[in-house]
Amino acid sequence: MPELPEVELARQVLADALGREVRDVDDHDDWVCRPHAPGDIAAALRGGKLTEAHRRGKTLWCETENADGEPGPNLGLHLGMAGQLRFAGRSGPPGPRRFRGRDEKPEWFRFGLTFADGEQLRLFDTRRLSRVRLDPDLDALGPDAGEVSRTDFRTRVGRGRAPVKARLLDQSVLAGIGNLLADETLWQAAVSPARPVHELTADELTDLHKALRKSLRAAIKHGGVHTGEIIGHRRAGDHCPRCGAEMAHGTVGGRSTWWCTKEQA
Ligand SMILES: [Zn+2]
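Residues numbered from 1 in each chain as written. Predicted model: local features only at pLDDT ≥ 70, side-chain atom pairs only at ≥ 80, totals over all residues. Heavy atoms only, no water.

## Some remarks on the environment of Asn 66
Inference 1: Inspection of the secondary structure puts Asn 66 in the loop between β3 (59-65) and β4 (75-78).
Inference 2: For the pair formed by Asn 66 and Lys 165, sequence separation is 99 residues and the distance between their alpha carbons is 43 Å.
Inference 3: Asn 66 has contacts with Gly 47, Gly 48 and Gly 72, leaving out every residue within four places of it along the chain.
Inference 4: Of the polar contacts made by the side chain of Asn 66, one reaches the backbone nitrogen of Asp 68; its length is 2.9 Å. (Helix = DSSP H or I, 4+ residues; strand = E, 2+ residues; numbered from the N terminus. Contact = heavy atoms within 4.5 Å. Polar contact = N/O pair within 3.5 Å; in protein donor to acceptor, adjacent residues only side chain to side chain.)

## Let's talk about the coordination of the zinc ion
Inference 1: Summarising the metal site, the zinc ion is bound by the protein donors Cys 240 (SG), Cys 243 (SG), Cys 260 (SG) and Glu 263 (OE), whose distances to it range over 1.9 to 2.3 Å.
Inference 2: Its four donor atoms give the zinc ion angles of 97 to 122° at the centre, a pattern that matches the tetrahedral case.
Inference 3: The sequence pattern describing where the donors of the zinc ion fall on their chain is C-x2-C-x16-C-x2-E.
Inference 4: What makes Cys 240 buried here is its relative accessible area of 3%. (Donors = N, O, S within 2.8 Å, 3.2 Å for Na, K, Ca; no water. Tetrahedral: all angles 85-135°; square planar, octahedral: opposite > 155°, others 65-115°. Buried < 20%, exposed > 50% of the residue type's maximum accessible area, 1.4 Å probe, protein only.)

## Details of the packing of aromatic side chains
Inference 1: For the coordinates displayed, the defined rule picks out two aromatic pairs.
Inference 2: Judged by centre distance (6.5 Å) and plane angle (40°), the rings of Phe 87 and Phe 115 are tilted. Within this pair, whereas Phe 87 is found in strand β5 (residues 84-88), its partner Phe 115 is found in strand β8 (residues 109-115), the two being separated by 28 residues in sequence.
Inference 3: Given a relative accessible area of 0%, Phe 115 falls into the buried group.
Inference 4: Look at Phe 109 and Phe 124: their rings are 6.0 Å apart centre to centre, the planes differ by 55°, and that puts the pair in the tilted class. Pair noted here: Phe 109 is in strand β8 and Phe 124 is in strand β9 (residues 120-124), with a separation of 15 residues, a long-range link. Neither residue differs from the other here; Phe 109 and Phe 124 are each classed as buried.
Inference 5: Between Arg 20 and the ring centre of Phe 115, over which it is positioned, the NZ or CZ distance is 5.4 Å. (Phe/Tyr/Trp six-rings, centres within 6.5 Å; stacked < 30°, edge-to-face > 60°. Lys NZ or Arg CZ within 6 Å of the ring centre and 35° of its normal.)

## Brief notes about the nonpolar core
Inference 1: In terms of nonpolar packing, the biggest core is built from 27 residues, with Ile 41, Leu 75, Leu 85, Phe 111, Leu 113 and Val 132 touching the most fellow members.
Inference 2: Those residues in contact with Leu 85, other than ones at most four positions away along the chain, are Ala 10, Val 13, Leu 14, Leu 60, Leu 77, Leu 79, Leu 121, Arg 122 and Leu 123.
Inference 3: Judged by nonpolar contacts, the second largest core, of 25 residues, contains Ala 145, Val 191, Leu 208 and Ala 211. (Core = buried A, V, L, I, M, F, W, Y, C linked by side-chain atoms within 4.5 Å.)

## Things to note about the domain arrangement of the protein
Inference 1: Assigned domains within the protein: domain 1 (4-134) and domain 2 (150-260).
Inference 2: With centres defined by C-alpha atoms, the gap from domain 1 to domain 2 works out at 31 Å.
Inference 3: The interface is formed by eight residues belonging to domain 1 together with 12 residues belonging to domain 2.
Inference 4: At the boundary of domain 1 with domain 2, total buried surface from both sides reaches about 750 Å², with 72% on carbon and sulfur atoms.
Inference 5: Of all residues in domain 1, Leu 4, Pro 5 and Lys 58 bury the most surface against domain 2, accounting for 55% of the area lost on that side.
Inference 6: Taken together, the connections running from domain 1 to domain 2 amount to zero salt bridges.
Inference 7: The element best represented in the side of domain 1 that touches domain 2 is helix α1 (residues 4-15), accounting for five residues.
Inference 8: Split by residue class, the side of domain 1 that touches domain 2 holds three nonpolar, one polar and four charged. (Domains from an automatic or database assignment. Buried area = accessible area lost by both parts, 1.4 Å probe. Salt bridge = Lys/Arg side-chain N within 4 Å of Asp/Glu carboxyl O. Nonpolar A, V, L, I, M, F, W, Y, C, P; charged D, E, K, R; others polar.)

## Focus on the sheet that holds β9
Inference 1: Spatially, four strands are ordered β1-β8-β9-β5 in an open sheet, and the strand pairing comes out antiparallel. Of all strands in the sheet, those with a lone pairing partner are β1 (22-26) and β5, marking the two edges. Looking at each pair of strands side by side, their axes are set apart by 15° on average, direction ignored.
Inference 2: Two elements, β1 and β8, share four bridges in a ladder whose sense is antiparallel. (Pairing = 2+ DSSP bridges. Axes fitted to C-alpha atoms, helices over the stretch in contact; angles between N-to-C directions.)

This is the structure:
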């Protein structure tokens, strides 16, 4: 599942589309493009261009301008559980291409922008949980997990009585943390995922903020959250790579969670 680092890498793909004239838009998938009807997004973007690519948490959006250079609607993109953005030539991908270890199937193509230079930016999604919409509502999202200040982090995460893992996953508190990044961050900070947030000290919250920034930087640099130090050890019988204690497993905040039995007790 794409988390903040994967979506940041997708934003960098999207940034390659900026400034090119949009010749055509394939918005045939009325589920992915809901509430718009097929043709609505095309009518809004055709002839214009994307001018800026933004991300907050796991939400992407582009500012646009129309053919006359006037500001157009924002184009919002959410990759859901399995969406990927990639460029292809006009004639489509030559030869067999692989998609997450399987041959790419035409029905996974959900949305596309064709540019005047013939290249097409395509959204592929095996699970059809991506969203494409004009002027997405960004108000429900908390600040981006990679940009939140230490003070703001401590206030937002420390409020309430929820287990800290559940609090980290709440997109209205911080935008962009998914299940793996939460486990990595809690392990880096040596904090138990089940600790109620009101029991965390100011120092522990500061350590968590530092661990989050460190985990995010490493994941973006190395290509995604799966490269985190604890991720490969999230399995039965494995041990903590820092202290050697056994890893434990349970459900916290409704999600499958792994932690070190010694340092995160
Ligand atoms: Zn340990």
